[in-house]
Structures are given as C-alpha cells and as structure tokens.
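# Survey of secondary and tertiary structure
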Amino acid sequence: MPKNKAPKHSKPTAPNTNVRIPAAFTITAGGAVTPPLISAPANVTIELQLRNTDSQAHRVQLSVAHFASISVPAGASKTTDVTGVPKGTYRLLIDGAARARIVVGAVPGP
C-alpha cells in the first residue's frame, strides 16, 4: 500500500471536544487592546484570556449572543471558555467600545 494512503478500514475521527484555542488579549491604558485581531478555527472552544495592565477596571464583552460580560479588575487576569461560536467575525468590546476582533472559521496557511 502506498505510504500516503490510509487503509480502507480506517474511519474519520470525531472532532476532539477537549481542544481549546487560546485567544489572549491584553488591556492597556485607556482600554486599548493588543493584539487587535485573533483568528480561530471553527468548531473548537475558544479560551478567552484577558489580562488588564491598566490602572482601571474594565467591562469586557464579546459580540456573541450567549456571552455574559466580564469585569476585569485593574492589574488582574480572567479566563473563560467560549463555546458554540459559529463562523464569523466577533467584536471584543471594552467598556462598550469595539477594541479588537476574533475571526472564527479562519483557515490556516498561506
């Protein structure tokens, strides 16, 4: 059998439900965010990591219907899992202002 062909009895595997893609954002002075854009493949859990280096607390929302806002105190970090996000572009809101985006369904490669 050629090396690049799978045996006929092999079956496709189900998606791994334990996979988490980190989306790490840093909130800086005045609610600015870095990086401005993070891409993630579809059908995986996004582990939203928020680090607030500002001297002020900030309220963070992701423009996903079932996402509750998170308060991130000054100098603190918060992490939450975001599941069931369909393909699309979602805004990360800091105190109500769009500061970054997550693109779900991105395809890796050149």
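Above this text you will find the structure in question.
Bear in mind that the values here come from a model prediction, so they are computed numbers and not experimental data. (Residues numbered from 1 in each chain as written. Predicted model: local features only at pLDDT ≥ 70, side-chain atom pairs only at ≥ 80, totals over all residues. Heavy atoms only, no water.)

### Remarks on the overall build of the chain
Rules: The secondary structure listing takes helices from DSSP runs of H or I that are at least 4 residues long and strands from runs of E that are at least 2 residues long, numbered from the N terminus. Think of it in three bands: with a 1.4 Å probe and only protein chains considered, a residue is buried below 20% of the maximum accessible area for its type, exposed above 50%, and partly exposed in between. It only takes one pair of heavy atoms within 4.5 Å for two residues to be counted as in contact. Here the accessible surface of atoms and residues is derived via Shrake-Rupley with a 1.4 Å probe, and residues count as covered only by protein chains that are part of the display.
Helix and strand counts for the chain come out as zero helices and nine strands. Starting at the N terminus, the α and β elements of the chain follow one another as β-β-β-β-β-β-β-β-β. Within the chain, the fraction of its 110 residues that count as buried is 27%. Restricting to contacts in the chain with at least 6 residues of sequence separation, those with at least 24 account for 59%. For the chain, the exposed surface amounts to about 7100 Å²; the carbon and sulfur share of it is 54%.

### Comments concerning the environment of glutamine 56
Take glutamine 56: it is sitting in the loop between β4 (45–52) and β5 (58–62). A relative accessible area of 48% means that glutamine 56 is categorised as partly exposed.

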